[in-house]
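If you want the building blocks of each chain, they are given just below.
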Amino acid sequence: MAATLCQVMGFLLSLLGVAGIIAATGMDQWATEDLFDNPVTAVFSYSGLWNSCVRQSSGFTECRPYFTILGLPALLQAVRALMIVGIVLGAIGCLIAIFSMKCLKMGNMEDSIKATMTLTSGILFLLAGVCGIAGVSAFANLIVQSFRFTTYAGGGIGGMGGGGIGGLSGSLTPRYTFGPALFVGWIGGAILVIGGIMMCLACRGMASDSKQRYDGMAYKASTQHTIYKTDPRSDPRSDPRSRPAINDSYKAHSVDGRMSNQRFDYV
């Protein structure tokens, strides 16, 4: 029962973590404009892995996708790859975890096979969570470096003194800070890691339950004073009628005609 509960809870947490990583990957607010001491307040800009957006004070928002791949920073491309790999691993882990659920009957599948599948899904969830956390942390490191070395005279998220992401560069380039997508990705990756650990623990419990147990029987040795009695009705020797006929022809006859117990061998 404990293994089943741990498995179900791990699966639900992992499913929630995968949803968090997917949401973080699709969000555009990975890096938001720092409004502290910002001389421009009529325009608010933010960017993500796929788009760079500008929102005006009137409420109009315009997003521009990154039309280039080779022109983007290498670290941004690495973050994209990590998030996509995390999503793929999480999806495969969810698919395997569905078929490994102990509360679901899938034909004649043994518990040992389900335990192995549970361990596999747990490892995939762990790897997916690590990929998500690594990708978000790498992008956060990029923002920190850009924030430290960027002034309103030049530079941007693209790096030290380089162009900004999606054309956000010029003589008045704003500084960026952490966006909501980073926190969603961190939380989703942490939940995935917790779910993967719970799935691995559930595998250990399922493996111990699947071991075969043989019921033993205790035998007590008989003592010297033990007397065994048989049922007279079941003993053929107790019935005179069931006794076989004895051939007395081998016994010798005495002179007076009586039977003797002496035996004679004739050659």
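The coordinates are above.
Right, let's walk through the structure included here. Note that the coordinates shown come from a computational prediction; the quantities given were computed from them, not determined experimentally.

## Regarding the nonpolar core
Judged by nonpolar contacts, the single largest core of 29 residues is most densely connected at W30, L49, V79, M83, F139 and L182. Of the residues forming this core, the biggest block, nine residues, is contributed by helix α3 (residues 111-149). Setting aside chain neighbours within four positions, we find V79 in contact with W30, L49, G135, A138 and F139.

## Let's talk about the side chain of N51
Counting through the fold element by element, N51 comes out in strand β3 (residues 51-56). Within the local environment of N51, its side chain forms a polar contact with the side chain of D28, the two groups lying 3.4 Å apart. Apart from the residues within four sequence positions on either side, N51 is in contact with D28, R64, P65 and Y66.

## Things to note about the state of the cysteines
Applying the stated rule across the entire model yields one disulfide. At a sulfur-sulfur separation of 2.1 Å, the disulfide partner of C53 is C63. Between C53 and C63, the S-S torsion sits near 110°, and that sign places the bridge as right-handed. Of this pair, C53 sits in strand β3 while C63 is found in strand β4 (residues 61-65), placing the two residues 10 residues apart along the sequence. Given the relative accessible area of 0%, C53 is considered buried. For C6, which is in no disulfide, the shortest distance to another cysteine sulfur is to C200 and amounts to 9.5 Å.

## Some details on the environment of Y176
Its place among the elements puts Y176 in strand β5 (residues 176-178). A relative accessible area of 3% means that Y176 is categorised as buried. Considered as a pair, Y176 and E33 are 143 residues apart in the sequence and their alpha carbons are 4.5 Å apart. Engagement of the side chain of Y176 in a polar contact is seen with the side chain of S45, the distance being 3.5 Å.

## Let's talk about the sheet that holds β3
One open sheet holds the five strands; their spatial order is β4-β3-β2-β1-β5, and the pairing between them is antiparallel. Each having just a single partner strand, β4 and β5 make up the two edges of the open sheet. The mean angle between the axes of side-by-side strands here comes to 25°, regardless of whether they run parallel or antiparallel. Pairing between β3 and β4: five bridges, direction antiparallel. The residue of β4 that forms the bridge with N51 is P65.

## Side note on the packing of aromatic side chains
By the definition in use, this model includes four aromatic pairs. Ring geometry for W30 and F139: centres 5.2 Å apart, planes at 75°, overall edge-to-face. Taken as a pair, W30 in the loop between α1 (2-26) and β1 (31-33) and F139 in helix α3 lie far apart in primary sequence, 109 residues in all. Here the two residues W30 and F139 agree in accessibility, since each one is buried. Pairwise contacts between aromatic rings join F178, F183 and W186 into one cluster.

## Brief notes about the pairing of β3
Pairing analysis gives five bridges linking strand β2 (residues 43-47) to β3, with the strands arranged antiparallel. When the bridges of β3 are listed, Y46 appears paired with C53. Where β2 folds back on β3, the antiparallel hairpin that results is connected by three residues.

## Comments concerning the packing of α1 against helix α2 (residues 74-99)
Where α1 meets α2, the axes come as close as 10 Å, and the angle between the chain directions of the two elements is 155°. If you check the angle between α1 and α2, you find them roughly antiparallel. Where α1 crosses over α2, the handedness of that crossing is left-handed. Here α1 contributes F11, L15, V18, I21, I22 and T25 to the contact with α2, which in turn contributes M83, I87, G90, C94, A97 and I98. Split into classes, the residues belonging to the contact of α1 with α2 amount to 10 nonpolar, two polar and no charged.

## Observations regarding the pairing of β2
The element β2 is extensively covered by neighbouring structure, given that four of its five residues are classed as buried. As defined by bridge partners, β1 adjoins β2 across two bridges and the pair is classed as antiparallel. Among the inter-strand pairings, A31 is bridged to a residue of β2, identified as S47.

How each quantity is defined
- Residues numbered from 1 in each chain as written.
- Predicted model: local features only at pLDDT ≥ 70, side-chain atom pairs only at ≥ 80, totals over all residues.
- Heavy atoms only, no water.
- Core = buried A, V, L, I, M, F, W, Y, C linked by side-chain atoms within 4.5 Å.
- Buried < 20%, exposed > 50% of the residue type's maximum accessible area, 1.4 Å probe, protein only.
- Helix = DSSP H or I, 4+ residues; strand = E, 2+ residues; numbered from the N terminus.
- Contact = heavy atoms within 4.5 Å.
- Polar contact = N/O pair within 3.5 Å; in protein donor to acceptor, adjacent residues only side chain to side chain.
- Disulfide = S-S within 2.5 Å.
- Pairing = 2+ DSSP bridges.
- Axes fitted to C-alpha atoms, helices over the stretch in contact; angles between N-to-C directions.
- Phe/Tyr/Trp six-rings, centres within 6.5 Å; stacked < 30°, edge-to-face > 60°.
- Parallel < 35°, antiparallel > 145°, perpendicular 65-115°, else oblique.
- Left-handed = near helix turned anticlockwise from the far one by under 90°.
- Nonpolar A, V, L, I, M, F, W, Y, C, P; charged D, E, K, R; others polar.

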